[in-house]
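Commentary on secondary and tertiary structure
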Amino acid sequence: MAANSIYFPFINPVKFYEADAVNLEKYQTAHFDDHLFSNRILPWQSQEGYEQIWQDTDIIKLQFESTFDPIIVSLIDENLNTVLQLPALIGLPNKFLANTFSFEIAMSLAGIQTGCYQLKVTAGSGLTQKVFISGSQFISSEPIFNSLCLEYFNSRYHEDVVFETGIQFQFRVYGHLGFLDPGRKDEMYRDERYNPALLNSRTLRQFPVTFGNERGLPDDIIDLLNRIWSCDNVMIDNKSFGIADGSKFEFVGEEGYPMRGVKLTVEEGINRNSKVFTLNTDPNKKIITTIIVDAKVFGDTSNQGSNNTVPVINI
């Protein structure tokens, strides 16, 4: 009988580690896929902490691909007390990863008191049980100023995530949009007297976006940002953006400091020539749907307790 396995896609907004992970004595490198940030700081680096940030208005959405069952996701406080617990919804077999099933949760943070927490994933039961933990998660009941809420998804299976289920991830990080850098694409020609003539012109808006405050970001968060921008739908604070042509991550770091600041140039994902106001729909969305008619993975339309969110039909 094959051993149980669980896949934690790197594009999930929260990274998980084996609770009892240790290196063999002959291996001295603490890779960021295997160890918490606090265990990766080198002796000559300043001993810094990092907390991933959330507002209590946010929803933590996760997807796993696994042969374990059940999978329980818990929010635990600094005293290891369980504050919130959800069973992950099991779907139909994942046709992209043989012999696995897709599991999802959507954890609303509404009502959670301000403080530092961790997420714990318990996979399986009895002798086959495995436990995984996240890094520190700071949840605030007040707005976190100078933070950005990134919402992202892909139009099809991508980065080991079955986006066909309709899942749309959320991720919050310190950062801000910079000053407008206006762009324009012109098609020109010159007549017989070499006078310039404009055939066509398209305008666009580009912005530098900075991720991380003065403390910077660890490598695993930078890796997540890179994967987020590989999706074909990314929104920053409810506005669609895409990476500007030729833009790459730029880093600001200091010797002996274990985190870096990140900068990227983005442009509006919907290039309009007018500001659109509507009565009942959101003009910032590329596609508006009311129901997924043909869900390719999940067959049970009930959430089986894996979702504690409350749908808002209209505001």
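Calculation notes
Residues numbered from 1 in each chain as written. Predicted model: local features only at pLDDT ≥ 70, side-chain atom pairs only at ≥ 80, totals over all residues. Heavy atoms only, no water. Helix = DSSP H or I, 4+ residues; strand = E, 2+ residues; numbered from the N terminus. Buried < 20%, exposed > 50% of the residue type's maximum accessible area, 1.4 Å probe, protein only. Contact = heavy atoms within 4.5 Å. Areas by Shrake-Rupley, 256 points an atom, 1.4 Å probe, with all protein chains shown as cover. Lys, Arg positive; Asp, Glu negative; His and termini not counted. Charge placed at Lys NZ, Arg CZ, Asp CG, Glu CD. Pairing = 2+ DSSP bridges. Salt bridge = Lys/Arg side-chain N within 4 Å of Asp/Glu carboxyl O. Core = buried A, V, L, I, M, F, W, Y, C linked by side-chain atoms within 4.5 Å. Polar contact = N/O pair within 3.5 Å; in protein donor to acceptor, adjacent residues only side chain to side chain.

Points about the overall build of the protein
Secondary structure assignment for the protein yields one helix and 19 strands. Overall, the protein is about 85 × 55 × 40 Å in size when its C-alpha atoms are taken along their principal axes. Among the 315 residues that make up the protein, the fraction classed as buried is 40%. Restricting to contacts in the protein with at least 6 residues of sequence separation, those with at least 24 account for 70%. Accessible area of the protein: about 18700 Å², with a carbon and sulfur share of 51%. Within the protein, one finds 26 positive and 39 negative side-chain charges whose respective centroids are separated by 8 Å.

As for the sheet that holds strand β7 (residues 89–94)
Taking strand neighbours across the sheet as the criterion, the four strands line up as β1-β4-β8-β7 in an open arrangement whose pairing is antiparallel. Whereas interior strands pair on both sides, the edge strands pair on one side only; in this sheet they are β1 (6–7) and β7. Pairing analysis gives two bridges linking β1 to strand β4 (residues 59–66), with the strands arranged antiparallel. Paired with I6 across the strands is S66, a residue of β4.

Here we look at helix α1 (residues 219–228)
Residues that lie three or four places apart on an α-helix share one face, since the helix turns once every 3.6 residues. Where burial is concerned, most of α1 is hidden: eight out of the ten residues are buried. Within the span of α1, buried status applies to D220, I221, I222, D223, L224, L225, R227 and I228.

Focus: the side chain of S74
Within the fold, S74 resides in strand β5 (residues 71–76). Excluding anything up to four places from it in sequence, S74 contacts T82, L84, Q85, Q118, L119 and K120.

Structural notes on the pattern of salt bridges
Under the counting rule described, the total for this entry stands at eleven salt bridges. Across the pair D220 and R40 runs a salt bridge, and its minimum N-O distance is 2.6 Å. Placement of the pair is D220 in helix α1 and R40 in the loop between β2 (16–18) and β3 (52–55), with a sequence separation of 180 residues. Using a relative accessible area of 14% as the deciding quantity, one classes R40 as buried. As a salt-bridge pair, D186 and R184 come within 2.9 Å of each other at their nearest N and O atoms. According to the relative accessible area criterion, R184 is exposed, its value standing at 56%.

What about the nonpolar core?
Ranked by internal contacts, the top residues of the largest apolar core, which has 32 residues, are L150, Y152, F171, F211, L217 and W229. Of all elements in the fold, only β12 (147–153), β13 (169–177), β15 (196–211), α1, β16 (233–236) and β19 (261–268) reach the threshold of two or more residues within this core. Those residues in contact with W229 that sit more than four places away from it in its chain are F211, V234, I236, F241, G242, I243, F249, L264 and V266. Residues I6, F68, V73 and V121 belong to the second largest nonpolar core, which totals 26 residues.

Brief notes about the environment of R260
For R260, the position within the fold is in the loop between β18 (250–252) and β19. Separated by 46 residues in the primary sequence, R260 and E214 place their C-alpha atoms 8.9 Å from one another. What R260 contacts, discounting residues up to four positions off in sequence, is G216, L217, D219, I222, F251, V252 and G253. Among the polar contacts listed, one links the side chain of R260 to the side chain of D219, at a separation of 3.0 Å.

Some points on the environment of F249
You can see F249 is positioned in the loop between β17 (239–243) and β18. If we ignore the near neighbours within four places in the chain, the residues touching F249 are L225, N226, W229, V262, K263 and L264.

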